[in-house]
Amino acid sequence: MSSERLDKILSHAGYGSRKNIRRLLRTCQVCVNGQQIFDPGFSLNSDIDTISIDGQLLQIRKNVYLMMNKPQNTVSANKDGLHQTVFDLLSQEYHTLYMEENLHLAGRLDVDTEGLLLFTTDGPLIHRITSPKTHAPKSYFVRLEKNENQQRQKKIADDFAAGLEIPPEGKESGAILKPASIEWLNGKECILTISEGKFHQVKRMFLKEENQVIYLKRLTMGSLKLDENLKPGQWRELSQNEIKALTIE
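## Here's the deal with the overall build of the chain
Okay, so step 1: When helices and strands are counted, the chain shows 7 helices and 19 strands.
Okay, so step 2: Expressed as lengths along the three principal axes of its C-alpha atoms, the size of the chain is roughly 75 × 35 × 35 Å.
Okay, so step 3: Across the chain, contacts joining residues at least 24 apart in sequence account for 64% of those joining residues at least 6 apart.
Okay, so step 4: Charged side chains of the chain number 33 positive and 32 negative; the gap between the two group centres comes to 2 Å.

## Focus on the side chain of Lys70
Okay, so step 1: Structurally, the position occupied by Lys70 is in strand 7 (residues 65-70).
Okay, so step 2: Buried within the structure, Lys70 lacks any salt-bridge partner; Asp112 is the closest side chain of opposite charge, at an N-O distance of 6.7 Å.
Okay, so step 3: Apart from the residues lying within four places of it in its own chain, the contact partners of Lys70 are Ser76, Val86, Leu109, Asp110, Val111, Thr113, Glu114, Gly115, Leu117 and Gly233.

## Points about the nonpolar core
Okay, so step 1: Phe119, Val142, Leu192 and Phe206 are the most contacted members of the largest nonpolar core, which totals 34 residues.
Okay, so step 2: Ignoring sequence-local partners within four residues, the contact set of Phe119 consists of Val64, Tyr65, Leu66, Met68, Val86, Phe87, Leu90, Leu103, His104 and Leu105.
Okay, so step 3: With 15 residues, the next largest nonpolar core counts Tyr65, Ile129, Leu226 and Ile243 among its residues.

## Side note on helix 6 (residues 201-208)
Okay, so step 1: Burial within helix 6 is extensive, with 6 of its 8 residues counted as buried.
Okay, so step 2: Where the residues of helix 6 are buried, they touch strand 12 (138-144), helix 5 (150-162), strand 13 (165-166), strand 15 (181-184), strand 16 (189-194) and strand 17 (213-221).
Okay, so step 3: Following helix 6 by one or two positions, Glu210 adopts a phi angle in the positive range, close to 65°.

## Structural notes on helix 2 (residues 18-27)
The α-helix advances 3.6 residues per turn, and as a result positions three or four apart in sequence lie on the same side.
Okay, so step 1: Burial in helix 2 covers these residues: Ile21, Leu24 and Leu25. With its buried residues spanning 95° around the axis, helix 2 presents them on a single face. In helix 2, the exposed residues that point more than 90 degrees away from the buried face are Lys19, Arg26 and Thr27.
Okay, so step 2: Looking at the buried side of helix 2, the elements it contacts are helix 1 (6-12), strand 2 (30-32) and strand 5 (51-53).

## Side note on the pattern of salt bridges
Okay, so step 1: Under the counting rule described, the total for this entry stands at 13 salt bridges.
Okay, so step 2: Arg5 serves as the salt-bridge partner of Asp7, at 2.8 Å between the closest nitrogen and oxygen.
Okay, so step 3: Among the salt bridges present, the one from Lys155 reaches Asp159, with a minimum N-O distance of 2.6 Å. With a gap of 4 residues between them, Lys155 and Asp159 both fall in helix 5, about one helical turn apart.
Okay, so step 4: By relative accessible area, Lys155 is classed as partly exposed at 39%.
Okay, so step 5: Residue class for Asp159 comes out partly exposed when judged on its relative accessible area of 23%.
Okay, so step 6: Residues joined by salt bridges that share partners form a network here, namely Arg5, Asp7 and Arg18.

## Observations regarding the packing of aromatic side chains
Okay, so step 1: Evaluation of the coordinates by the stated rule reveals 4 aromatic pairs.
Okay, so step 2: A centroid spacing of 5.3 Å and a plane angle of 90° characterise the contact between Tyr94 and Trp235, whose relative ring orientation is edge-to-face. Of the two residues, Tyr94 sits in the loop between strand 9 (84-85) and helix 3 (97-102) while Trp235 sits in strand 19 (residues 235-237), which places them 141 residues apart along the sequence.
Okay, so step 3: With relative accessibility at 3%, the residue Tyr94 sits in the buried group.
Okay, so step 4: Classification of Trp235 by relative accessible area gives partly exposed; the value is 23%.
Okay, so step 5: Taking 5.3 Å as the distance between ring centres and 80° as the angle between the ring planes, the aromatic pair formed by Phe160 and Phe206 counts as edge-to-face. One end of the pair, Phe160, is in helix 5; the other, Phe206, is in helix 6, and 46 residues separate them in sequence.
Okay, so step 6: Residue classification places Phe160 among the buried positions, given a relative accessible area of 0%.

What counts, and where the lines are drawn
- Residues numbered from 1 in each chain as written.
- Predicted model: local features only at pLDDT ≥ 70, side-chain atom pairs only at ≥ 80, totals over all residues.
- Heavy atoms only, no water.
- Helix = DSSP H or I, 4+ residues; strand = E, 2+ residues; numbered from the N terminus.
- Contact = heavy atoms within 4.5 Å.
- Lys, Arg positive; Asp, Glu negative; His and termini not counted.
- Charge placed at Lys NZ, Arg CZ, Asp CG, Glu CD.
- Buried < 20%, exposed > 50% of the residue type's maximum accessible area, 1.4 Å probe, protein only.
- Salt bridge = Lys/Arg side-chain N within 4 Å of Asp/Glu carboxyl O.
- Core = buried A, V, L, I, M, F, W, Y, C linked by side-chain atoms within 4.5 Å.
- Arc of directions from axis to C-beta.
- Phe/Tyr/Trp six-rings, centres within 6.5 Å; stacked < 30°, edge-to-face > 60°.

Worth remembering: the numbers are spatial, not functional.
This is the structure we're talking about:
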């Protein structure tokens, strides 16, 4: 890992703006490898160097990874003038200057869609998950307005597997989709797995089949599965095993 400024690392760790960190260096004993440091621009390598504040060792995290069960009526954005955002649901430690600049979503969900959201400061991971070239699979629980009999279920499954063509919607152009798989739970409910994320894609797929999605919840993104213990609006940090599985995919 290349060298980083001390104030950047402390900001990342939740100690506030550079002004706050300059005050911290004046009022507290901030040490790198046991040596007290007063210069906020002091350069260090967090892979091998240690930082302590008033004798307490600071645990340095290179990146942050959070899983949320997104509730309905929340917007997948940092700010919105009309609705509560998913970032509003995070605790104060994720609203530092560093986090506001570097914590981003790996894929969004519509305002009325629930389920798995991934927040991270790991830019390369976001690119890998969201890039159309990687075809990262995403699965959704879908509830439909109309009941589909077995014959219709097979037709829809075959259409999705062949690569459905969806018409334009608003400013969004039409598209020929990549093959998708569907597991029917009953005539109105299914698990749909897709490998891309076009605008309103799941809803447009079923509209093409003359049905309407009335409830939608994302369950997985790549190897990451939504924690069933998380209620809508709740979140947690990813485990080391979850992080490792995501970053080596």
